[in-house]
Amino acid sequence: MSKMTNTAPISRNKLLRVAGIGWMFDAMDVGILSFVIAALAVDWNLSSSQMGWIGSINSIGMAFGALIFGVFADKVGRKQIFMWTLIIFSVASGLSAITTTFAAFLVLRFFVGMGLGGELPVASTLVSESVEAKERGKVVVLLESFWAGGWLIAAIISYFVIPAEFWPVEGWRVALLLTAIPAFYAVYIRIHLPDSPQFTAKPDAKNRTIMQNIAGVWEKKYSRSTLMLWILWFTVVFSYYGMFLWLPSVMVGKGFDLISSFKYVLIMTLAQLPGYFTAAWFIEKLGRKFVLITYLVGTAASAFVFGNAESIAVLLASGILLSFFNLGAWGALYAYTPEQYPMVIRGTGAGMAAAVGRIGGIFGPLLVGYLLSAKYQIGFIFAIFCVSILIGAAAVLLLGKETKQTELE
């Protein structure tokens, strides 16, 4: 009976809901981490460089996870990898709540990153292969919109849980314990989520070697798309993690107390939802390239203004626009990436692109930490991210191909 449940067709809405909740848990963990970093800086007396390493070790794990699990998704199936990555990141995140040393915390955050890095490209590949071409882009962007829900939950938990003084332990430990919940959700996925119909329809794909799949990403037919994706992923992830993991700390640096910074970041996070929904609508009307380029340029402009803002009004307005454009671009990125490759190398191609992106995610938070230690202004730091994002937009413009409503190979 259980076997029939696992292989039966699934409706688009149910697929979106089941995969999206997993995606939401990922975002909740990343979002909570940004608030935990600010709290740990106080409790453990961390330097700016140490704070940067927390974000970067997460990205190191994500780079390994995206590569390893992306490759294995083409060997054992999308669903199995989706399930195991959820278990890995949630268990490691829960364990990080009971650590007492900075070194142990970093080790566990590496494994959290592995799970996160593997799940995201695999989940988007699974959804891409399970819906019709005419709505594929919209559905994947809507999948990515669950990220905003996860960040909202993270912001709410962080606002009410981390500063609270009635816990028997530090509030940040309680917040991290809550991130262990997805391990139980993996059981639900095992029962209710079928694998990709494209993957199950072509069992011969499992016979290809890992090295064949890796080499296939750079075949002449796909090399231009691969180069474009690697540039795009690196610049987007570099800037995203450099900016967003530091948002609460940047607010504190601009003179706001920790609780006020949590509140303002929560307001900014709300703007992610219309960013996703507008991108989901435009992506099937005007195409992937239009959405990516437009939303990336909007992100760059917002980042520049945010970094140089002096008043609460300008800080909030630019922060809202930063969230709106940046997360809309992320939705388009996840929709666009799996469409560049045929089924037999789709997981590998998406995973490798995401892994290159995570390398950018390693350097982003570290760069902020070291530049702050060297007394550089926030405006200068955010200008670097502004330029990075524009390079990503140029890569799409010059190297990208339009994949709107095309049938996947």
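What you are looking at is a predicted structure, and each value in this text was computed from that prediction instead of being measured.

A.B. asks: What is the right way to look at the packing of helix α2 (residues 12-43) against helix α4 (residues 78-96) in this model?
C.D. replies: Between two packed helices, the angle of one axis relative to the other and the distance separating the axes together describe the packing. Put simply, α2 and α4 touch, their axes get as near as 11 Å, and they point 30° apart. The angle between α2 and α4 falls in the class roughly parallel. Crossing hand, α2 versus α4: left-handed. On the side of α2, the interface is formed by Ala19, Gly22, Phe25, Asp26 and Asp29, while α4 contributes Phe82, Leu86, Phe89 and Ser93. Among the residues forming the contact of α2 with α4, the class breakdown is five nonpolar, two polar and two charged.

A.B. asks: Looking at this structure, how should I read a nonpolar patch on the surface?
C.D. replies: There is a patch of nonpolar side chains on the surface, built from Phe64, Leu67, Ile68, Phe72 and Val76 and spanning about 400 Å² of accessible area. With respect to the helices, strands and loops of the structure, Val76 is situated in helix α3 (residues 48-76).

A.B. asks: I keep staring at the pattern of salt bridges and nothing clicks. Help me out?
C.D. replies: Pairs can form between side chains of opposite charge whenever their charged atoms are close. Going through the model one piece at a time under the given rule, you end up with nine salt bridges. Of the charged contacts in the structure, one is a salt bridge between Asp74 and Arg78, with a shortest N-O distance of 2.7 Å. For Asp74, a relative accessible area of 1% corresponds to the buried category. Put simply, Glu339 and Arg288 hold a salt bridge, and the shortest N to O gap is 2.6 Å. Here Glu339, found in the loop between α16 (312-336) and α17 (343-373), pairs with Arg288, found in helix α15 (residues 288-308); they are 51 residues apart in sequence, far enough to count as distant. The burial state of Glu339 is the same as that of Arg288; both residues are buried. A single salt-bridge network, built from bridges that share partners, covers Asp74, Arg78, Glu129 and Arg346.

A.B. asks: I keep staring at the environment of Arg136 and nothing clicks. Help me out?
C.D. replies: Within the secondary structure, Arg136 is located in helix α6 (residues 133-160). For the pair Arg136 and Glu339, spaced 203 residues apart in the sequence, the C-alpha separation amounts to 9.6 Å. Sequence-distant contacts of Arg136, defined by excluding residues within four places in its chain, comprise Ser128, Val131, Glu284, Arg288, Glu339, Thr403, Thr406, Glu407 and Leu408.

A.B. asks: Sorry, what's going on with α17 here?
C.D. replies: One turn of the α-helix equals 3.6 residues, which is why residues spaced by three or four share an orientation. The end-to-end C-alpha distance of α17, which contains 31 residues, comes to 46 Å, matching closely the 45 Å that a straight helix rising 1.5 Å per residue would cover. Judged by how many residues are buried, α17 sits mostly within the fold: 24 of 31 residues are covered. Downstream of α17 by a residue or two, Lys375 has a phi angle that is positive, lying close to 70°.

Reading guide: rules and limits
Residues numbered from 1 in each chain as written. Predicted model: local features only at pLDDT ≥ 70, side-chain atom pairs only at ≥ 80, totals over all residues. Heavy atoms only, no water. Axes fitted to C-alpha atoms, helices over the stretch in contact; angles between N-to-C directions. Helix = DSSP H or I, 4+ residues; strand = E, 2+ residues; numbered from the N terminus. Parallel < 35°, antiparallel > 145°, perpendicular 65-115°, else oblique. Left-handed = near helix turned anticlockwise from the far one by under 90°. Contact = heavy atoms within 4.5 Å. Nonpolar A, V, L, I, M, F, W, Y, C, P; charged D, E, K, R; others polar. Patch = residues over 30% accessible without salt bridge, like charges linked within 9 Å, V, L, I, M, F, W, Y side chains within 5 Å. Areas by Shrake-Rupley, 256 points an atom, 1.4 Å probe, with all protein chains shown as cover. Salt bridge = Lys/Arg side-chain N within 4 Å of Asp/Glu carboxyl O. Buried < 20%, exposed > 50% of the residue type's maximum accessible area, 1.4 Å probe, protein only. Expected span 1.5 Å × (residues − 1).

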